[in-house]
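Listed below are the residues making up each chain.
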Amino acid sequence: MSGRLVIVSNRVAPPQEGYSAAGGLAVGIFDALNKAGGLWFGWSGEVGAEAGAVKLDVRGNITYATTALSRKDYDQYYRGFSNATLWPAFHYRHDLARYDRQEYAGYLRVNDWLARRLIPLLRPNDLIWAHDYHLIPFAAALRNAGSPHPMGFFLHIPFPATEILRTIPPHAALIEALCQYDVLGFQTRTDLQAFTDYIGRRAPGTVNRSGVVHAHGRTLKAAVYPIGVYPEAIAEAAQRYAKRRPVTSLRAYLQHRKLIISVDRLDYSKGLIERFLAFERLLQNAPELHGNVTFVQIAPPTRTDVQAYQRIRHTLEGEAGRINGRFAQLNWTPIRYLNRKYERNVLMALFRAAHIGYVTPLRDGMNLVAKEYVAAQDPNDPGVLVLSQFAGAADELTDALLVNPFDLAQMTDALQTALSMPLEQRQARYRAMMQPLHSKNLSVWLNSFLQDLQRAAALRA
Ligand code: ADQ
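Residues numbered from 1 in each chain as written. Predicted model: local features only at pLDDT ≥ 70, side-chain atom pairs only at ≥ 80, totals over all residues. Heavy atoms only, no water.

1. Thoughts on the environment of Thr63
Here comes step 1: With respect to the helices, strands and loops of the structure, Thr63 is situated in strand 4 (residues 62-69).
Here comes step 2: Each C-alpha atom, one on Thr63 and one on Val6, is 9.5 Å from the other, the two residues being 57 residues apart in sequence.
Here comes step 3: With near-sequence residues (within four places) excluded, Thr63 lies in contact with Gly38, Leu39, Trp40, Leu56, Asp57 and Val58. (Helix = DSSP H or I, 4+ residues; strand = E, 2+ residues; numbered from the N terminus. Contact = heavy atoms within 4.5 Å.)

So this is what it looks like as structure tokens:
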């Protein structure tokens, strides 16, 4: 790659957490930076102390540049506009979104402030790649601060339909700012289509068939780059960790029982309540399953200081308790609900031990758990993926049992079908799903985005 890669993301994954603790995105970024060498810039995760100073930490090929946020910046930029306005609205939950002018001002202010802190660290040939909804105005802020660099942006979450986007009061300014990037990446064709629709009807501007956007006096590229995983590495980790402690003790508990597994951040977009209720229906409809199937839901809490997250946590605790109270036996708990993180490799081994991967978000940019679950399976005796049609991953994993998470009866049916699916059909579905996992793996995502960013750089030069 010509030019150094500079990654900008809201949170910089701390190097001491290491590779094995990282989620899919962090794995991808590590990989890109490790190969090419580069800088990773963003918030350190600290609030208050020493806000303002940029801390540099050089590890091998990668320089981590991080800064703390002041309490006010955290409240307005992160907890406020990013996670209480943009996140719900972009996930089609504008009923949960609130808008506060001061928070939006804080969001713009922090983007400006971060841009001014990055400027002294930049070199002339750098390529800048910003990630996610926290940083929509970051390119505009960098350009105002004098940066001539090529800049790309990848949106990890869905891009909402125009009428939903319009419920965010500063939508026009946000999209004008987004057009300051040179390359825009989306997870799915649906997201790109929604963006194209907004540009055509509201910007106004055009997006042609090759994804060339003309809007707000600029020419840029918009395209679909579905994020992937490294399927071989996942399969290898899933086997290697099969004999580790949490996996063996779960197996010992299961004995003959079938395992249904779900792993998510505790978030209202992930459809956990609907999932619990569909499992309850399964137990209600099929008494022969009592004592013979266990549903493990792993869901570490996130954004615990945002009200909507406190509410969903409370509701889920209530529902898990109620359903368990209704069906449990002395030696069997139907739902095992765990609010904690696990080491990545342990998760992969748990996926391999599960007969069903139960992944039913109400809306999700991609959902890497769905891909990880498939990649972790034993090819000779694979489990079945039950997948929401509203996860980006459903575009590629069409051989999953696709469900509408708003249709509880359909989800219950899918669980029942999955539990009794014959081996040959499971194998055929597994093989079909592995194809896109290989052909669109994580390095394809990285390389295709970076190639387009380099092309944009050549055009700017
Ligand atoms: P997330 O909403 O965080 O990501 P997801 O794609 O499922 O959702 O990625 C989560 C990652 O964290 C996975 O790699 C998973 O294994 C890991 N993880 C989840 N729970 C864990 C736990 N308890 N312990 C340890 N690891 C855990 C956002 C978007 C998604 C998009 C990704 C990547 O919301 O739609 O797919 O970015 O673009």
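Next comes the rest of the description.
2. With respect to the site of the ligand
Here comes step 1: The immediate surroundings of the ligand are formed by 23 residues, with His156, Asp364, Met366, Leu368 and Glu372 found nearest.
Here comes step 2: Measuring from an oxygen atom of the ligand, one finds a backbone N or O atom of Leu368 at 2.8 Å.
Here comes step 3: One of the side-chain N or O atoms of Glu372 is found 2.6 Å from an oxygen atom in the ligand.
Here comes step 4: Elements represented by at least two residues in the shell around the ligand include exactly helix 13 (344-353) and helix 14 (368-375).
Here comes step 5: Residues of the shell around the ligand, tallied by class, amount to 10 nonpolar, 6 polar and 7 charged. (Near = heavy atom within 4 Å. Polar contact = N/O pair within 3.5 Å; in protein donor to acceptor, adjacent residues only side chain to side chain. Nonpolar A, V, L, I, M, F, W, Y, C, P; charged D, E, K, R; others polar.)

3. Re the nonpolar core
Here comes step 1: Formed by 165 residues in total, the largest nonpolar core has its most connected members in Trp129, Phe138, Phe159, Tyr181, Phe195, Leu385 and Leu387.
Here comes step 2: Counting the residues that make up this core, at least three belong to each of domain 1 (5-228 + 442-460) and domain 2 (231-438).
Here comes step 3: Residues in contact with Leu385, not counting those within four places in the same chain, are Gly357, Val359, Ala370, Tyr373, Val374, Leu397, Ala400, Leu401 and Met433. (Core = buried A, V, L, I, M, F, W, Y, C linked by side-chain atoms within 4.5 Å. Buried < 20%, exposed > 50% of the residue type's maximum accessible area, 1.4 Å probe, protein only. Domains from an automatic or database assignment.)

4. A few points about empty space enclosed by the protein
In this approach a probe as big as a water molecule rolls over the atoms, and the regions it shows empty are the leftover space.
Here comes step 1: The full count for this structure, using the stated rule, is 2 cavities of 30 Å³ or more.
Here comes step 2: Approximately 50 Å³ is the volume found for the largest cavity.
Here comes step 3: Along its surface, the largest cavity is lined by Phe90, Ile136, Phe153, Leu155, Phe159, Leu165, Leu174, Ile175 and Leu178.
Here comes step 4: With 3 residues, the single largest contributor to the lining of the largest cavity is helix 7 (residues 171-178).
Here comes step 5: In this structure, the second largest cavity encloses a volume near 40 Å³.
Here comes step 6: As for the second largest cavity, its lining consists of Gly383, Val384, Leu385, Asp399, Ala400, Leu401, Met421, Arg426, Arg429 and Met433.
Here comes step 7: Broken down by element, the residue count for the lining of the second largest cavity peaks at 3 residues, all from helix 16 (residues 423-439). (1 Å grid on protein atoms, 1.4 Å probe; cavity = no way out; pocket = protein on both sides within 12 Å on 5 of 7 lines; lining within 4 Å. Points joined across faces, edges and corners; volume = space filled by probe spheres on them.)

5. Description of the packing of helix 7 against helix 8 (residues 189-202)
Here comes step 1: Axis separation between helix 7 and helix 8 bottoms out at 12 Å; the angle between their running directions is 110°. Taken together, the axes of helix 7 and helix 8 lie roughly perpendicular to each other. On helix 8, the residues that touch His171, Ala172, Ile175 and Leu178 of helix 7 are Phe195, Tyr198 and Ile199.
Here comes step 2: A breakdown of the residues in the contact of helix 7 with helix 8 according to their chemical character gives 6 nonpolar, 1 polar and no charged. (Axes fitted to C-alpha atoms, helices over the stretch in contact; angles between N-to-C directions. Parallel < 35°, antiparallel > 145°, perpendicular 65-115°, else oblique.)

6. Overview of the domain arrangement of the protein chain
Here comes step 1: With domains assigned, the protein chain is organised as domain 1 (5-228 + 442-460) and domain 2 (231-438).
Here comes step 2: Relative to domain 2, the C-alpha centre of domain 1 lies at a distance of 30 Å.
Here comes step 3: If you look at the interface, domain 1 gives 27 residues, while domain 2 gives 23 residues.
Here comes step 4: For the interface between domain 1 and domain 2, the tally reads 0 salt bridges.
Here comes step 5: Put simply, domain 1 and domain 2 have 7 residue pairs in polar contact (both at pLDDT 80 or more) between them.
Here comes step 6: When contributions to the side of domain 1 that touches domain 2 are tallied by element, the ones reaching two or more residues are helix 1 (18-21), helix 2 (24-36) and helix 3 (71-90). (Salt bridge = Lys/Arg side-chain N within 4 Å of Asp/Glu carboxyl O.)

7. A word on helix 15 (residues 408-419)
Here comes step 1: The first and last C-alpha atoms of helix 15 sit 17 Å apart over 12 residues, in line with the 16 Å expected at 1.5 Å per residue.
Here comes step 2: When helix 15 is considered as a whole, its buried residues turn out to be Met411, Thr412, Ala414, Leu415, Ala418 and Leu419. Down the axis of helix 15, the buried side of the element spans an arc of 160°, and every buried residue falls inside it.
Here comes step 3: The elements touched by buried residues of helix 15 are strand 11 (258-263), helix 11 (272-285), strand 12 (293-298), strand 14 (356-359), strand 15 (384-388) and strand 16 (401-403). (Expected span 1.5 Å × (residues − 1). Arc of directions from axis to C-beta.)

8. Some remarks on the sheet that holds strand 16
Strand pairs in the sheet, formed through backbone hydrogen bonds, run parallel or antiparallel to each other.
Here comes step 1: Within the open sheet, the 6 strands sit side by side as 13-12-11-14-15-16. Their pairing is parallel. Either end of the sheet is taken by a strand with one partner, and the two such strands are strand 13 (335-338) and strand 16. Strand after strand, the sheet turns through a mean of 20° between neighbouring axes, direction not considered.
Here comes step 2: Inspection of the sheet shows strand 11 paired to strand 14 by 2 bridges, in the parallel sense. The partner of Ile260 across the bridge, within strand 14, is Ile356. (Pairing = 2+ DSSP bridges.)

9. Digging into the environment of Leu266
Here comes step 1: Looking at where Leu266 falls in the secondary structure, it is placed in the loop between strand 11 and helix 11.
Here comes step 2: With 153 residues separating them along the chain, Leu266 and Trp113 place their C-alpha atoms 30 Å apart.
Here comes step 3: Not counting residues up to four positions away in its chain, the partners in contact with Leu266 are Ala299, Pro300, Pro301, Thr302, Tyr309, Ile312, Arg313, Leu316, Tyr337 and Asn339.

10. Structural notes on the side chain of Ser9
Here comes step 1: Its place among the elements puts Ser9 in strand 1 (residues 5-11).
Here comes step 2: Among the residues examined, Ser9 registers a relative accessible area of 7% and is labelled buried.
Here comes step 3: A distance of 2.8 Å separates a polar atom in the side chain of Ser9 from the backbone oxygen of Arg11.
Here comes step 4: Contact partners of Ser9, with chain neighbours within four places excluded, come to Trp40, Phe41, Gly42, Trp43, His131 and Leu135.

11. Some thoughts on the packing of helix 10 (residues 245-254) against helix 13
Here comes step 1: At a minimum axis distance of 9 Å, the contact between helix 10 and helix 13 shows a crossing angle of 25°. Comparing their axes, helix 13 and helix 10 come out roughly parallel. Crossing hand, helix 10 versus helix 13: right-handed. Contact residues: helix 10 offers Pro246, Val247, Leu250 and Arg251, while helix 13 offers Val346, Ala349, Leu350 and Ala353. (Left-handed = near helix turned anticlockwise from the far one by under 90°.)

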